[in-house]
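Structural description and commentary
Residue strings, one per chain:
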Amino acid sequence: MSDTAPLILGIESSCDETGVALVQANGSPVPQLLSHALFSQIEMHQAYGGVVPELASRDHIRRVLPLTNQVMAEAGKSLQDIDVVAYTRGPGLAGALLVGAGVACALGAALGKPVLGVHHLEGHLLSPFLSADPPEFPFVALLVSGGHTQLMRVDGVGRYEILGETIDDAAGEAFDKSAKLMGLGYPGGPALSRLAEQGDGTAFKLPRPLLHSSNLDFSFAGLKTAVLTQAQRLGAELEVRKADLAASTQAAIVEVLVKKSLAALDETGMKRLVVAGGVGANRHLREQLNAQCAKRKVRVHYPELHLCTDNGAMIAMAAAMRLQASMQEASRAYTFEVKPRWPLDAISQSV
């Protein structure tokens, strides 16, 4: 690896988005994003009402090299300029992860460059460092990505303490499953949020599971059941009341996320909150967090909206920050093993 400003190529393929990005670790606390490209498979999976793992894997194979060429061209760099090839090692769909890992390790071997496996959730966690207003350590993090909802104390790169997490359905799953119950199609979460803009969030009294518990854990399975019960009660009236039910569902999820986040800030005494993951793009969540945190003089940081979903930029950034913090070394061992299940607190220096 070069001594100055190493270039890190990041490849993300954990689920239904193929992302590639190029980041330069220029010695400053926040590496520089030079270029990134993303292809979403949403249109392909819509016909099936959800992600089909085999189709996702095959599409990653088709997309990853053209996206890599696009990223290199946009940055004005050649493949030989790359110092490290980073890829998502887990968690995610096994077949999809294998595509990104295989391409990254093959590319590294062909170029004689080291490779580095990255934790997908750490990528989300550090994605706000790609924003125009990057945070500073330490902070409390609300990670709301797909099947994960966690509150963490973050003291630095690789220094994470889980304060609370979901014990069943995550917030993203609550959005998606509730949307499916309302017949909103795929992807359900964004569809429910759009419909909620037209509804009354106080129209239906839905539960806020664990809102008043003595811990910082989450539970959204009961909310999904309550949405199903309410939809069945409405019967034929559901169609005209669907926006109200969507808004009430969103209000319940957002209230729990906001109050638990504030409780985590109180518990740690911190004055900085980072929100990351797909649900972090939710406008209602951002408005509520901004309002409540402003009252407490707490700074809130989010990823840029286009980087809330899975993307290669967060993988390249996480790799660059781990290398700069000496938390991990890139390797020229090109055998690989993906980790479809991989708790974030299980990350160690020997990732």
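Everything discussed here concerns the structure shown above.
Quick caveat: nothing in here was measured; it's all calculated off a predicted structure. (Residues numbered from 1 in each chain as written. Predicted model: local features only at pLDDT ≥ 70, side-chain atom pairs only at ≥ 80, totals over all residues. Heavy atoms only, no water.)

That bond from phenylalanine 137 to proline 138 is cis: its omega, -5°, falls within 30 degrees of zero. For proline 138, the position within the fold is in the loop between α4 (120-126) and β6 (139-145). The phi dihedral of leucine 210 falls on the positive side, at around 60°, and the residue is not glycine. Positionally, leucine 210 belongs in the loop between α6 (188-196) and α7 (221-234). You can call leucine 210 partly exposed: its relative accessible area is 30%. Residue lysine 297 is not a glycine yet carries a positive backbone phi of 55°. Structurally, the position occupied by lysine 297 is in the loop between α9 (283-295) and β10 (299-301). The exposure class of lysine 297 is exposed, given its relative accessible area of 71%. (Helix = DSSP H or I, 4+ residues; strand = E, 2+ residues; numbered from the N terminus. Buried < 20%, exposed > 50% of the residue type's maximum accessible area, 1.4 Å probe, protein only.)

Take the pairing of β6 next. Among the seven residues in β6, seven count as buried, and that is most of the element. The alternating pattern of β6 places Phe139, Ala141, Leu143 and Ser145 on one face and Val140, Leu142 and Val144 on the opposite face, and all of these are buried. One ladder, built from seven bridges, connects β6 with strand β7 (residues 148-156); its direction is antiparallel. Looking across to β7, one finds that leucine 143 is bridged to glutamine 150. (Pairing = 2+ DSSP bridges.)

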